Amino acid sequence: MRNVRLWRGLLGVDKRTVIEDIEFDQEGADGVQLVVARVRPRSGVSRRCGRCGRRAPWYDRGEGRRRWRGLDWGTVRVWLEADAPRVNCPAHGPTVVAVPWARHHAGHTFGFDDTVAWLAVACSKTAVCELMRIAWRTVGAIVARVWADVDKTVDRFANLRRIGIDEISYKRHHKYLTIVVDHDTGTLIWAAAGRDTKTLRRFFDALGAERCTLITHVSADAADWIANVVTERCPGAVRCADPFHVVAWATEALDAERRRAWNDARALARSEPGRGRGRPGRHAPPRPGHEKARKLKGARYALWKNPADLTDRQTAKLAWIAKTDTRLYRAYLLKEGLRHVFSVKGEEGKQALDRWISWARRCRIPVFVELAHRIVKHRDTIDAALDHGLSQGLIESTNTKIRVLTRVAFGFHSAEALIALAMLALGGHRPALPGRC
């Protein structure tokens, strides 16, 4: 055949592939123009197991000739067609022979798979399916294949010292992923379906006992299943509590106190006389319970937000709370006091935390007294966070990106395809387009 180099370049195959013939079909089975390239592997790479690549004796002709989808030539679909005999591999038994233009058990060429994986990371679901003319579930299978090949060529756990562990929901009915992020590189290094000790132990099994001893810092929330496994597998690592989660405990306690104040105001309102329609008369009795309940209902964001971010209206609301409900305002100050602990950090932060615990214990607000006991329980990990400055901020950022990918990946058949997409997008090994460096 003339112009073999040109045909190889157009088909995206290398010298291990022999091109026997090129046929142009003006009207394919579905009315689309087709180019069918009849190919075969060179003798030096033939009769190898499709799974392990080792030479193996002949077994049978398999199911005859088959086709692999290649990258389109403009608006024309391209297929590679070849025999697909089987060899009798000593390790895997009867297996279809390996071909140099496609992965085992795939219906697409390497170039097609790599292009789809790049598009899945960079584009929307609709764009990938429309451009490549494939179903979305096919995209999930291709992404999983590409990541499996990338994972064989890289060492995700090289020079791993400081890690962050968290979980994220990826589907309804309490389906979660456990993720592990490298604090030093900012990349996602591991993810698996589930959020329990068994799932997390799989990560440390993959890491290996020797590398577990090299882990120096682990950041996580206060989940017992994370703490127990980290203590078991990395006893020498410093465990750091996440400041965001600790402050969130105070925010939850503050909101519980706000609801208590609101319910007290509603109870007072129920004892007050009712009013008919229209504007109340000049001598109508005041109804402080109704007024307080109405104002407290809209006070959540004034209490939650940082002082620097308050609007003028929210600032006025906070000043009103300080005058009318000193207990709720004291709860607000306790929340802000705990936030101050993590803003100063270091030894000054630990001293501020000592003062905060003493204040919370005698504040006579039950939810904050309980919070003080909870913080004392986790004091070692909180002090470590203050000393080393580690937080879950990077992990939360990764979670946000995974949530975006989850919406994009809606319809994937399995969690493995979502994990593969997340690893390609966030693991520092984004796929490259064929023919690009």
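Residues numbered from 1 in each chain as written. Predicted model: local features only at pLDDT ≥ 70, side-chain atom pairs only at ≥ 80, totals over all residues. Heavy atoms only, no water.

(A) How the structure looks around the overall build of the protein. Across its full length, the protein carries 17 helices and 12 strands. In summary, the protein has a C-alpha radius of gyration of 31 Å against a globular reference of 22 Å for 437 residues, an excess of more than 25%. Based on the C-alpha atoms only, the size of the protein along its principal axes is roughly 100 × 60 × 35 Å. Here the protein, with 437 residues, has 44% of them falling under the buried criterion. Summed over all atoms, the accessible surface of the protein reaches about 23700 Å², with 51% contributed by carbon and sulfur. Where the 76 positive side-chain charges of the protein centre and where its 48 negative ones centre are 4 Å apart. (Helix = DSSP H or I, 4+ residues; strand = E, 2+ residues; numbered from the N terminus. Rg over C-alpha atoms; globule rule 2.2 N^0.38 Å. Buried < 20%, exposed > 50% of the residue type's maximum accessible area, 1.4 Å probe, protein only. Areas by Shrake-Rupley, 256 points an atom, 1.4 Å probe, with all protein chains shown as cover. Lys, Arg positive; Asp, Glu negative; His and termini not counted. Charge placed at Lys NZ, Arg CZ, Asp CG, Glu CD.)

(B) A look at the environment of Arg-407. Of note, Arg-407 is situated in helix 16 (residues 393–408). Judged by relative accessible area, Arg-407 falls into the exposed class, the value being 60%. Remark: the alpha-carbon pair of Arg-407 and Lys-171, spanning 236 residues in sequence, is separated by 9.8 Å.

(C) Structural detail: the nonpolar core. Counting 40 residues, the largest nonpolar core has Val-116, Val-139, Ile-179, Leu-188, Leu-421 and Leu-424 as the members making the most contacts within it. For this core, the elements supplying multiple residues, two or more each, are helix 2 (110–122), helix 3 (125–132), helix 4 (136–153), strand 8 (162–171), strand 9 (175–182), strand 10 (188–193), helix 16 and helix 17 (415–426). Not counting residues up to four positions away in its chain, the partners in contact with Leu-421 are Ala-120, Val-121, Val-143, Leu-405, Ala-409 and Phe-412. In this structure, Trp-249, Ala-261, Trp-356 and Ile-375 belong to the second largest nonpolar core, which totals 35 residues. (Core = buried A, V, L, I, M, F, W, Y, C linked by side-chain atoms within 4.5 Å. Contact = heavy atoms within 4.5 Å.)

(D) Summary view of the packing of helix 12 (residues 326–344) against helix 14 (residues 366–377). Axis separation between helix 12 and helix 14 bottoms out at 10 Å; the angle between their running directions is 20 degrees. Judged by the inter-axis angle, helix 12 sits roughly parallel to helix 14. The way helix 12 lies across helix 14 gives a crossing that is left-handed. Residues Arg-327, Ala-331, Leu-334, Lys-335 and Leu-338 of helix 12 pack against Pro-366, Phe-368 and Ile-375 of helix 14. Within the contact of helix 12 with helix 14, the residues separate by chemical class into six nonpolar, no polar and two charged. (Axes fitted to C-alpha atoms, helices over the stretch in contact; angles between N-to-C directions. Parallel < 35°, antiparallel > 145°, perpendicular 65-115°, else oblique. Left-handed = near helix turned anticlockwise from the far one by under 90°. Nonpolar A, V, L, I, M, F, W, Y, C, P; charged D, E, K, R; others polar.)

(E) Quick look at the pairing of strand 2 (residues 34–41). In terms of residue burial, strand 2 counts as a mostly covered element, since six of its eight residues are buried. Pairing of strand 2 with strand 5 (residues 76–83), which is carried by five bridges, proceeds in the parallel orientation. Note on strand 5: the bridge partner recorded for Val-36 is Trp-79. (Pairing = 2+ DSSP bridges.)

(F) Region of interest: unusual backbone geometry. The phi angle at His-105 is positive, at roughly 60 degrees, despite the residue not being glycine. Here His-105 is to be found in the loop between strand 7 (93–96) and helix 2. At Arg-364, a position not held by glycine, the phi torsion is positive, near 60 degrees. Tracing the chain through its elements places Arg-364 in the loop between helix 13 (346–361) and helix 14.

(G) Inspection of the packing of aromatic side chains at higher detail. Tallied over the entire structure, the rule returns seven aromatic pairs. Centroid distance Phe-203 to Phe-204: 4.9 Å. Interplanar angle 65 degrees. Geometry classified as edge-to-face. Through a chain of ring-to-ring contacts, three or more aromatic side chains come together here, namely Phe-157, Trp-190, Phe-203 and Phe-204. Over the aromatic face of Trp-262 sits the side chain of Arg-266, whose NZ or CZ is 4.7 Å from the ring centroid. Over the aromatic face of Trp-249 sits the side chain of Arg-374, whose NZ or CZ is 4.0 Å from the ring centroid. (Phe/Tyr/Trp six-rings, centres within 6.5 Å; stacked < 30°, edge-to-face > 60°. Lys NZ or Arg CZ within 6 Å of the ring centre and 35° of its normal.)

(H) Fine view of helix 12. In this model helix 12 runs 27 Å from its N-terminal to its C-terminal C-alpha over 19 residues, within 8% of the 27 Å that 1.5 Å per residue would give. Residues Leu-328, Ala-331, Tyr-332, Leu-334, Lys-335, Glu-336, Gly-337, Leu-338, Val-341 and Phe-342 constitute the buried set of helix 12. Phi turns positive, to about 60 degrees, at Lys-345, one or two residues after helix 12. (Expected span 1.5 Å × (residues − 1).)

(I) Representation of the pattern of salt bridges in the model. Inspection of every chain in the model, using the stated rule, returns 35 salt bridges. Between Asp-60 and Arg-86 there is a salt bridge; the shortest N-O distance is 2.7 Å. You can see Asp-60 sitting in strand 3 (residues 58–60) and its partner Arg-86 sitting in strand 6 (residues 86–89), a full 26 residues away along the chain. Here Asp-60 falls in the partly exposed class, since its relative accessible area comes to 23%. Judged by relative accessible area, Arg-86 falls into the partly exposed class, the value being 27%. Salt-bridge contacts for Asp-255 lead to Arg-258; the nearest nitrogen and oxygen are separated by 2.9 Å. Highlighted residues: Asp-255 and Arg-258, both in helix 8 (residues 243–270), separated by three residues, approximately one helical turn. The burial state of Asp-255 is the same as that of Arg-258; both residues are buried. Via salt bridges that share partners, Asp-21, Glu-23, Arg-38, Arg-65, Arg-67, Glu-81 and Asp-83 belong to a single interconnected network. (Salt bridge = Lys/Arg side-chain N within 4 Å of Asp/Glu carboxyl O.)

(J) Looking closely at the sheet that holds strand 8. One open sheet accounts for five strands, arranged 10-9-8-11-12; its pairing is mixed. Where the open sheet ends on each side, the last strands, each with one partner, are strand 10 and strand 12 (238–241). In this sheet, adjacent strand axes meet at a mean angle of 25 degrees when their direction is disregarded. Across four bridges, the pairing between strand 11 (residues 217–220) and strand 12 is parallel. Among the inter-strand pairings, His-217 is bridged to a residue of strand 12, identified as Val-238. Sheet strands in contact with helix 15 (residues 379–388) are strand 11 and strand 12, and its direction is about 90 degrees off that of strand 12. Where helix 17 meets the sheet, its contacts fall on strand 8, strand 9 and strand 10, and the angle it forms with strand 10 comes to roughly 170 degrees.

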